[in-house]
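Geometric and topological summary
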Amino acid sequence: MKKQSEMDASCWRKGKTLDASNAEVSSVSEDGAGGGTRTHTESPPADFESATSTIPSHRHILSRNSQNSHRREQGENSLSQYNAAGASNDPSEKIMATLLTSFYEQYDYIIIDCGLKHELLTINALAAADYCIIPVQAHFLASEGIPDVLEMVKNVQNRFNPDLKIAGILLTMYQSRPQLCQSVRNSVNDIYGESLHVFERPIEQTIKAAECPAAGMSILDYAPKNPAAESYRSLALEVLHLA
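Residues numbered from 1 in each chain as written. Predicted model: local features only at pLDDT ≥ 70, side-chain atom pairs only at ≥ 80, totals over all residues. Heavy atoms only, no water.

Quick look at the overall build of the protein
Applicable threshold: For the purposes of this entry, the term helix denotes a DSSP run of H or I that reaches at least four residues, the term strand denotes a run of E that reaches at least two, and both are numbered from the N terminus. Partly exposed describes any residue whose relative accessible area lies between the buried limit of under 20% and the exposed limit of over 50%, with all areas from a 1.4 Å probe on protein chains only and scaled to the type maximum. We call two residues contacting when some pair of their heavy atoms lies within 4.5 Å. For every accessible area listed, the method is Shrake-Rupley and the probe measures 1.4 Å; residues are considered covered only by the protein chains on display.
Along the backbone of the protein there are 12 helices and five strands. Counting over 243 residues, the protein shows a buried share of 43%. Relative to all contacts within the protein whose residues are 6 or more apart in sequence, the contacts with residues 24 or more apart total 74%. For the protein, the accessible surface area stands at approximately 12500 Å², while carbon and sulfur atoms represent 49% of it.

Focus: helix α6 (residues 120–128)
Within α6, nine of the nine residues are buried, which leaves the element mostly enclosed by the surrounding structure. Of all the positions in α6, only L120, L121, T122, I123, N124, A125, L126, A127 and A128 are classed as buried.

Observations regarding the pairing of strand β5 (residues 165–172)
Cut-off, in case you're wondering: If DSSP finds at least two bridges between two strands, the strands pair.
For β5, the buried fraction is high: six of the eight residues fall into the buried class. Summarising the sheet, strand β4 (residues 131–137) and β5 pair through seven bridges and their orientation is parallel. Bridged to V136 within β5 is L171.

A closer look at the packing of aromatic side chains
The geometry of an aromatic ring pair is captured by the separation of the ring centres together with the interplanar angle, meaning the angle of the planes. For clarity, the threshold we go by: Only rings of Phe, Tyr and Trp enter the pairing, Trp through its six-membered ring, and a pair is recorded when the two centres are within 6.5 Å. The plane angle decides the type: under 30 degrees is stacked, over 60 is edge-to-face, the rest tilted. Here, a charge over a ring is recorded when the distance from Lys NZ or Arg CZ to the ring centre is within 6 Å and its angle to the ring normal is within 35 degrees.
Applying the stated criterion to the full structure yields zero aromatic pairs. Here K165 stacks its cationic end above the ring of Y131, 5.7 Å away from the centre of that ring. R185 extends its terminal NZ or CZ atom over the ring of Y174, reaching a point 5.5 Å from the ring centre.

So, the nonpolar core
So the rule is basically this: Only buried residues count toward a nonpolar core, which is a set of Ala, Val, Leu, Ile, Met, Phe, Trp, Tyr and Cys residues joined through side-chain atoms within 4.5 Å.
C11, L100, L126 and V188 are the most contacted members of the largest nonpolar core, which has 34 residues in total. Mapped onto this core, the elements with two or more residues apiece are α5 (95–100), β3 (109–115), α6, β4, α8 (146–159), β5 and α9 (179–192). Sequence-distant contacts of C11, that is, excluding residues within four places in its chain, are made with I110, I111, I112, C114, A125, L126, A129, Y131 and C132. Among the nonpolar cores identified, the runner-up in size contains eight residues, and I133, A167, F199 and V239 belong to it.

A short note on a nonpolar patch on the surface
Put simply, the rule reads: Patch membership requires more than 30% relative accessible area and the absence of a salt bridge. Residues of like charge join within 9 Å; the nonpolar side chains Val, Leu, Ile, Met, Phe, Trp and Tyr join within 5 Å. Definition used for salt bridges: Asp or Glu carboxyl oxygen within 4 Å of a side-chain nitrogen of Lys or Arg.
Together, F140, L141 and L180 line one region of the surface with nonpolar side chains, adding up to about 280 Å² of accessible area. Tracing the chain through its elements places L141 in helix α7 (residues 140–144).

Remarks on the packing of α6 against α8
Rule in force here: Note on geometry: axes are C-alpha line fits, over the in-contact stretch for helices, and angles between N-to-C directions span 0 to 180 degrees. Relative orientations are named as follows: roughly parallel for angles under 35 degrees, roughly antiparallel for angles over 145 degrees, roughly perpendicular for angles from 65 to 115 degrees, and oblique for any other angle. Crossings are classed by handedness, with left-handed meaning an anticlockwise turn of the near helix from the far one by less than a right angle and right-handed meaning a clockwise turn.
Interaxial distance between α6 and α8 falls to 10 Å at its minimum, and their mutual angle equals 60 degrees. Relative to α8, α6 is oriented oblique. For the pair α6 and α8, the sense of crossing is right-handed. Side by side, α6 and α8 meet where T122, I123, L126 and A127 of the first sit next to M152, V153 and V156 of the second.

Quick notes on helix α12 (residues 227–242)
What counts, and what does not: By this rule the span expected of a helix is its residue count minus one, scaled by 1.5 Å. For the purposes of these results, a polar contact is taken to be a pair of N or O atoms within 3.5 Å, where, inside protein, one atom must be able to donate a hydrogen and its partner to accept one; residues adjacent in sequence count only when each atom of the pair is a side-chain atom.
For α12, with 16 residues, the first-to-last C-alpha span of 23 Å sits near the 22 Å given by 1.5 Å per residue. Turning to α12, its buried residues are A228, A229, S231, L235, E238 and V239. The residue sitting at the N-terminus of α12 and contributing the capping side-chain oxygen is N226; that oxygen lies 3.0 Å from the backbone nitrogen of A228.

Spelled out as structure tokens, the structure:
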């Protein structure tokens, strides 16, 4: 459905506990878009590789590909193959949770960037996470998809991950001048503000934010004083307080 295709989700899993100012962060992205996230690519423990040598490795399952639709299909198949090979007694929906356990001691936060279609990769991300953020474009159709997303999260909580929490709703691609963006922001706060956390500052849509992926840089490095960069800093601080 169109209203779901205009939304993404971010989930995260907390690993070791350290001072947040020195936190190590690893990100896993379904679509290959780095966004504003710094990614660490340390190798997994040796015993992990030997234990999974006869099946698709975690790096294959979570690999990146410029052809997004192909990469998703490859990821879906790899997760199924991993399960079929007998490497885990867990259901296919729990494979990512199993794979990520090898990294819990290496990072403070593991961020999983995923879509919100009801597909195996998304369910795996939610089943592996401690918290999830529901980003919503500041457009009417996108905001109309929130109930479907909440229902999917509820299903995952009931079936696979009872400890999963919704960290909040995050407005994205926000422009302060258009009346539509302001109306969507007010509507989301009115409808969900009492039952769910709505992040205080929306993610601003700016030209610099669109340019930084082409430069291979985070918006925080490309234009640190840009409103989009300030938005991400505000989000990071809220997340640290919530977690």
